[in-house]
Amino acid sequence: MVASSVLGFPRIGANREVKKAVEAYWAGKISADQLTQAAADVRKASWQSVKSKGVDYVPSGEFSLYDHVLDHATAFNVVPKRYVGHGLSPLDVYFAMGRGRQADGVDVPASEMKKWFDSNYHYVVPEFAEDTDFQLKFNKAVEEYNDAKALGIETRPVVLGPITFLWLGKPSKEARPGFQPISLLQKLLPVYKKLLSDLKAAGAEWVQIDEPVLVLDQAAHFEKEFTTAYAELAPVAPKIMLTTYFNRLDSNLKFVAKLPVAGLHIDLDRAPEQLDATLEAVKATDLVLSLGVVSGRNIWKTDFEAAIKLGQKAVDVLGQDRVIIATSSSLLHTPVTLESEKKLTEEQKDWFSFALEKTAEVSTIAKVLSGSQDAAVAQALEANKTSIAKRREFERNSDDAVRKRVAAITPDQLERRSPFAVRQEVQKKKLDLPKFPTTTIGSFPQTKEIRQARAKLGKNEITEEAYEDFLKKEIDSVVRFQEKAGLDLLVHGEPERNDMVQYFGELLNGFVFTQNGWVQSYGSRYVRPPIIVSDVSRPGPMTVKWSSYAQSITQKPMKGMLTGPVTILNWSFPRADISRELQSKQLALALRDEVIDLEKAGIQAIQVDEPAIREGLPLRRVDWDHYLQWAVDSFKLATAGVTDALQTHSHFCYSDFDDIFPSIQRLDADVISIEASKSDMKLLKTFKQYGYSNQIGPGVYDIHSPRVPGEQEIKDRVSAMLEILPDSLLFVNPDCGLKTRGWKETEASLNNLVAAARWARGTYA
Ligand SMILES: [Zn+2]
């Protein structure tokens, strides 16, 4: 019989119960016991849901109050010294590591967060040093396995694998220079042995060990580590299902197929092409092969026919008992259930599968492959065929005009009319900006009043007119504020935007939105990504009204603000029937029209933000060039349709450019603003070394903290920058948007920023 499995279920609760409970605990409104109970209720509901859909391998142990990597680190006693000795409970130490703590005389910042592979989920980075003292503080896997068992549900516990755990971490401040976390493997293994043998003693037949690092190029260097680790773990552990996801194993398959594990999971959603090689490699072994044919990363209904074809191929080679049909990865990246969507049309609902629906899918596909004669299975198969056919029909009829327009893109549409040096002269006259121009990244504080007004409009408690009047007043005050502060290139402050992607999605054709499609981004922060369902086009101007209103009330130049095509794409659920490249180009054309309209409306500078260009990089280096080619082309397509006099800006929320520098240069934005790393100027040296020629605004202070930078501190930073950059190229700005800041610190910080720029004009005349 072909079995079915789910690698992990969303842990936020169907109605965001976990967020509500965690935030109530932080606010002191509920006790630790009440929080624990709320978490137990969500886990129970998830196990029962997955079980009720007929899944054979139900996951346990992958639940988290904040982040599963943080859970794993604290269970293994990997707690940086700065969080120890404050008299906090283990639960409060855990949250302090996740989000920092500033209360009752304890003042510790949060640990670093990083993107979980190429997803929009963030994990808390573990910190290791030579003296890291691994201990099994608690056995979460055993506890949750037992909890499920007490409910009558046999589960397959999920454990983060040792190599991936070490690989995700970084050396702590106390570590010696050159220390590499992977060197701790021998010290770590005894704790894993303890965890796994306890699990076996508790009665678990299988354990799922996640080693997603195996889909990266770097894993090729860890063959020895994998071989040693699994040779030690396998004898004491339940049967090990080694899971890999988000990409293909490629050459790592050679050693992975020889590991002493009982099963291997591969991602056939992202990399269906790896099936043949994997079958070949495991054919002669006893390995059970788990096929990730139901996407853990998108929200589309699975095409059963295609999935069954892949499954059948495996069954033909391995036999039914050695094949498992599974989700490609944990379903953590998908919303919980379609059942809570009341506003999607029946037609739209028929396109999608969220976590609960995907759970039913793995079960049905496995039953079909097992030769089930069940009428319900036959019915589900037939219904899927109809749904997929309807969806394909919809896709085909989507928007021919948009497709024709993308097909007709010519290389000259990607280039500005003149080179930067020529444009700079024209813009100097037109914008009349002083030396070291000051500006901000776009957003100003999103106050409670702004959020309330938006909520009232949503509930029809105020009219559209009243809301627009409110927004105009907000823009008035932001503009007056900037004039008073003495900033040179103004922004309107973006009070009308709920979110930098959703705002545009709602104004473009081709998107749909869910009511309850929440996905965890980090900790208690959940996002509701828009879904791209068809060809994207712009029915009309999106931002022109607000930007031109803002320009009309000031003599200073106003910067128009847009989100770039790659970022809109990366922060949405994309279509699966056409390439991301094509979707990005469609978005770029829509934005190109907006940029041209903004210029026609008298806007002289436009910022198109692409914070997601870097995070969209494919996991394997060999795939980078192709991605960067279309990603940069998309930005250029969006921004190059204007005259030389229009100053284009772009902003990047990071400072790690070393490996993608030529692509940043190829964007050919007139001005880029970047997040300059705290104190060192290494980043700017990179720019100098590569010979960056356009204008640049490295952030002169960090907006991610309420701290107000002193005037002298900003002067020092500007001086340091000018030792590396020519003075004709430097802009002076904060390092990111001010949306999350309060007005008080914003005012004080920007006053100091303007004072420092004025000082620089006098000093570097
Ligand atoms: Zn930023």
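Preceding this paragraph is the structure being described.
Let me begin by describing the structure that accompanies this report. (Residues numbered from 1 in each chain as written. Predicted model: local features only at pLDDT ≥ 70, side-chain atom pairs only at ≥ 80, totals over all residues. Heavy atoms only, no water.)

With that settled, the discussion passes to the overall build of the chain. Per the secondary structure count, the chain includes 27 helices and 23 strands. What you see for the chain is a C-alpha radius of gyration of 27 Å, in line with the 27 Å of a compact globule of 765 residues. A principal-axis box enclosing the C-alpha atoms of the chain has dimensions of 75 × 60 × 50 Å. Every one of the 765 residues in the chain was classed for burial, and the buried ones make up 59%. Of the roughly 30,300 Å² of accessible surface on the chain, 52% is carried by carbon and sulfur atoms. Positive and negative side-chain charges of the chain, numbering 96 and 102 respectively, have mean locations separated by a distance of 2 Å. (Helix = DSSP H or I, 4+ residues; strand = E, 2+ residues; numbered from the N terminus. Rg over C-alpha atoms; globule rule 2.2 N^0.38 Å. Buried < 20%, exposed > 50% of the residue type's maximum accessible area, 1.4 Å probe, protein only. Areas by Shrake-Rupley, 256 points an atom, 1.4 Å probe, with all protein chains shown as cover. Lys, Arg positive; Asp, Glu negative; His and termini not counted. Charge placed at Lys NZ, Arg CZ, Asp CG, Glu CD.)

Within the open sheet, the eight strands sit side by side as β1-β14-β13-β12-β11-β10-β8-β2. Their pairing is parallel. Each having just a single partner strand, β1 (3-5) and β2 (58-60) make up the two edges of the open sheet. The mean angle between the axes of side-by-side strands here comes to 30°, regardless of whether they run parallel or antiparallel. Pairing analysis gives three bridges linking β1 to strand β14 (residues 323-327), with the strands arranged parallel. Opposite Ala3, over in β14, you have Ile324 as the bridge partner. This element, helix α10 (residues 275-282), spans β12 (263-267) and β13 (288-294) of the sheet and lies at about 170° to β13. (Pairing = 2+ DSSP bridges. Axes fitted to C-alpha atoms, helices over the stretch in contact; angles between N-to-C directions. Contact = heavy atoms within 4.5 Å.)

Quick look at the coordination of the zinc ion now. The protein atoms donating to the zinc ion are His651 (NE2), Cys653 (SG) and Cys736 (SG), with metal-donor distances spanning 2.0 to 2.1 Å. Along the chain, the residues donating to the zinc ion fall in the pattern H-x1-C-x82-C. His651 gets classed as buried once you look at its relative accessible area, which sits at 3%. (Donors = N, O, S within 2.8 Å, 3.2 Å for Na, K, Ca; no water.)

Okay, the pairing of strand β16 (residues 519-522) next. When a strand is regular, its side chains alternate between the sheet's two faces. By the bridge criterion, three bridges tie β16 to strand β17 (residues 525-527) in an arrangement that is antiparallel. Paired with Tyr522 across the bridge in β17 is Arg525. Between β16 and β17, which pair antiparallel and follow one another directly, the connecting turn spans two residues, one of which, Gly523, has a positive phi of 45°.

Before going further, it helps to spend a moment on the sheet that holds strand β22 (residues 671-674). Spatial strand order, β19-β20-β21-β22-β23: five strands in an open sheet with parallel pairing. Edge positions in the sheet fall to β19 (559-563) and β23 (695-698), since each has one partner strand and no second. The mean inter-strand angle of the sheet, taken between neighbouring strand axes irrespective of direction, is 20°. Together, β19 and β20 (605-609) form the strand contacts of helix α22 (residues 580-600), whose direction differs from that of β19 by roughly 170°.

Attention now goes to the packing of helix α18 (residues 464-485) against helix α27 (residues 743-763). It is the contact of α18 with α27, at a shortest axis distance of 9 Å, that shows an interaxial angle of 35°. In this structure, α18 crosses over α27, and the sense of that crossing is right-handed. Contacts between α18 and α27 pair Val478, Phe481, Lys484 and Ala485 from the former with Trp743, Thr746, Glu747, Leu750, Asn751, Val754 and Arg758 from the latter. Partitioning the contact of α18 with α27 into residue classes produces six nonpolar, two polar and three charged. (Left-handed = near helix turned anticlockwise from the far one by under 90°. Nonpolar A, V, L, I, M, F, W, Y, C, P; charged D, E, K, R; others polar.)

It is worth spelling out the nonpolar core at this point. Nonpolar side chains in soluble globular proteins tend to end up buried together. Counting residues in hydrophobic clusters, the biggest one holds 123 residues, and the most contacted among them are Phe76, Trp116, Phe134, Phe165, Leu264 and Leu291. If one sorts the elements of this core by residue count, helix α7 (residues 185-201) sits on top with eight residues. Contacts of Phe76, omitting those with residues within four sequence positions, involve Asp133, Phe134, Gln135, Leu136, Phe165, Leu188, Val191, Tyr192 and Leu195. One finds Trp624, Phe687, Val718 and Ala757 within the second-largest nonpolar core, a separate group that totals 91 residues. (Core = buried A, V, L, I, M, F, W, Y, C linked by side-chain atoms within 4.5 Å.)

Moving on: the environment of Asn516. Looking at the secondary structure, you find Asn516 in the loop between β15 (509-512) and β16. Taking C-alpha positions, Asn516 is 6.5 Å from Ser340, a pair spaced 176 residues apart along the chain. If we skip the residues at most four places from it in the chain, Asn516 touches Ala14, Asn15, Arg16, Ser340, Glu341 and Arg528. Polar side-chain contacts of Asn516 include one of 3.1 Å to the backbone oxygen of Ala14. (Polar contact = N/O pair within 3.5 Å; in protein donor to acceptor, adjacent residues only side chain to side chain.)

On to the packing of aromatic side chains, then. Enumeration according to the criterion identifies 32 aromatic pairs in this entry. Taken together, a centroid distance of 5.0 Å and an interplanar angle of 75° make the contact between Phe481 and Trp743 edge-to-face. Remark: Trp743 occurs in helix α27 and Phe481 occurs in helix α18; sequence separation between them is 262 residues. Connected via pairs of aromatic rings, a cluster forms that spans Trp116, Phe117, Tyr123, Trp167, Tyr245 and Phe246. Taking NZ or CZ as reference, Lys472 lies 5.4 Å from the ring centre of Tyr549, over its face. (Phe/Tyr/Trp six-rings, centres within 6.5 Å; stacked < 30°, edge-to-face > 60°. Lys NZ or Arg CZ within 6 Å of the ring centre and 35° of its normal.)

In this structure, Asn77 takes a positive phi of about 65° despite not being glycine. Mapped onto the fold, Asn77 is located in the loop between α3 (68-75) and α4 (90-99).

This part is about helix α5 (residues 140-150). Inspection of α5 places Lys140, Ala141, Val142, Glu144, Tyr145 and Ala148 among the buried residues, and these make up the whole buried set. Turning to α5, the residues buried within the fold contact α2 (32-52), β2, α3, β8 (155-160) and α7. Of the residues one or two after α5, Gly152 is the one with positive phi, at around 85°.

On to α7. Compared with an ideal rise of 1.5 Å per residue, which puts 17 residues at 24 Å, α7 spans 24 Å between its outermost C-alpha atoms and is within 8% of the ideal. Of all the residues in α7, the buried ones are Leu185, Leu188, Leu189, Val191, Tyr192, Leu195, Leu196 and Leu199. Elements that come into contact with the buried residues of α7 comprise α3, α5, β8, α6 (162-168), β10 (206-210) and α8 (223-233). Looking one or two residues beyond α7, the residue adopting positive phi is Gly203, at roughly 110°. (Expected span 1.5 Å × (residues − 1).)

Turning our attention to the side chain of Arg297. Mapped onto the fold, Arg297 is located in the loop between β13 and α11 (304-318). Engagement of the side chain of Arg297 in a polar contact is seen with the side chain of Asp118, the distance being 2.9 Å. Ignoring anything within four residues of it in the chain, the contact list for Arg297 reads Asp118, Ser119, Phe246, Arg270, Ser328, Ser329, His333, Thr334 and Phe573.

What follows is about the side chain of Asn752. Locating Asn752 in the fold gives a position in helix α27. Taking the relative accessible area as the measure of exposure, Asn752 reaches 18% and is therefore buried. Polar contacts involving the side chain of Asn752 include one to the main-chain carbonyl oxygen of Pro709, which spans 2.8 Å. For Asn752, the residues in contact, after removing those within four places along its chain, are Val708, Pro709, Gly710, Glu711 and Ile714.

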